[in-house]
Amino acid sequence: MHQNIIRTVIDTARAKAAQDGFAINIAVVDASAQLAGFERMEGAVLGAIDVAQKKARTAALFQTDSIALGAEARPSGAIYTIENTNGGLISFGGGVVLRDADGTFLGAVGVAGATVEDDEAIAQAAAAALR
């Protein structure tokens, strides 16, 4: 993944979080789910570093937003306990697949440190910056 793509994703997430009054952690992984970029805003919760990275990895490994996986990972869902695979995953909002304008899969972004709903909105805004 090119550095300009990573920078666009991180800068967009950072700007949206700052506008909304949040300090967050932003992780970007490439198409093979390897960490390609990371930023922790000043004041962001330390425990959310791992959460942001796992949200991004989850979305990249399954090429599906983490919130969509969460719908099936509930106790009555078809993939209940999937969080225990692949070294630990996250099945709630904030992990969003990254695609370019042509729809090519690039990787994923994970955002953590705000509310789950706001993490999701920030990650969606960051992903939209590439389309």
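As a starting point, this report considers the structure included with it. (Residues numbered from 1 in each chain as written. Predicted model: local features only at pLDDT ≥ 70, side-chain atom pairs only at ≥ 80, totals over all residues. Heavy atoms only, no water.)

Turning our attention to the overall build of the protein. Scanning the protein from N- to C-terminus turns up 4 helices and 4 strands. Listed by position from the N terminus, the elements making up the protein come as α-β-β-α-α-β-β-α. Computed over its C-alpha atoms, the radius of gyration of the protein comes to 13 Å, within 12% of the 14 Å expected for a compact globule of 131 residues. Taken along its principal axes, the extent of the C-alpha atoms in the protein is 40 × 35 × 20 Å. The proportion of buried residues among the 131 residues of the protein is 43%. In the protein, of all internal contacts separated by at least 6 residues, the share reaching a separation of at least 24 is 62%. Only carbon and sulfur atoms are counted for the fraction: they give 51% of the accessible area of the protein, which is about 6,200 Å². The positive charge centre, built from 10 side chains, and the negative charge centre, built from 15, are 2 Å apart in the protein. (Helix = DSSP H or I, 4+ residues; strand = E, 2+ residues; numbered from the N terminus. Rg over C-alpha atoms; globule rule 2.2 N^0.38 Å. Buried < 20%, exposed > 50% of the residue type's maximum accessible area, 1.4 Å probe, protein only. Contact = heavy atoms within 4.5 Å. Areas by Shrake-Rupley, 256 points an atom, 1.4 Å probe, with all protein chains shown as cover. Lys, Arg positive; Asp, Glu negative; His and termini not counted. Charge placed at Lys NZ, Arg CZ, Asp CG, Glu CD.)

Glancing now at helix α1 (residues 3-20). Its 18 residues place the ends of α1 26 Å apart at the C-alpha level, agreeing with the 26 Å of an ideal helix rising 1.5 Å per residue. Of all the positions in α1, only Ile 5, Ile 6, Val 9, Ile 10, Ala 13 and Ala 17 are classed as buried. Each buried residue of α1 lies within a common arc of 125° when the element is viewed along its axis, so the set occupies one face. Facing away from the buried side of α1 by over 90 degrees, the exposed positions are Gln 3, Asn 4, Ala 18 and Gln 19. Those residues of α1 that are buried are in contact with β1 (25-30), β2 (35-40), β3 (95-99), β4 (105-112) and α4 (116-128). Positive phi shows up at Gly 21, right after α1, with a value of about 85°. (Expected span 1.5 Å × (residues − 1). Arc of directions from axis to C-beta.)

Now for the pairing of β3. Look at any regular strand and the pattern is simple: side chains alternate between the two faces of the sheet. The element β3 is largely enclosed, with a buried count of 4 among its 5 residues. Bridge count between β3 and β4: 5 bridges; the pairing is antiparallel. Paired with Val 97 across the bridge in β4 is Ala 108. Connecting β3 to the antiparallel partner β4 that follows it, the hairpin turn spans 5 residues, and Gly 103 within it adopts a positive phi of roughly 90°. (Pairing = 2+ DSSP bridges.)

Between its terminal C-alpha atoms α4 stretches 18 Å, which fits the 18 Å expected from 13 residues at 1.5 Å a residue. On its buried face, α4 is in contact with α1, α2 (48-62), α3 (66-72), β3 and β4.

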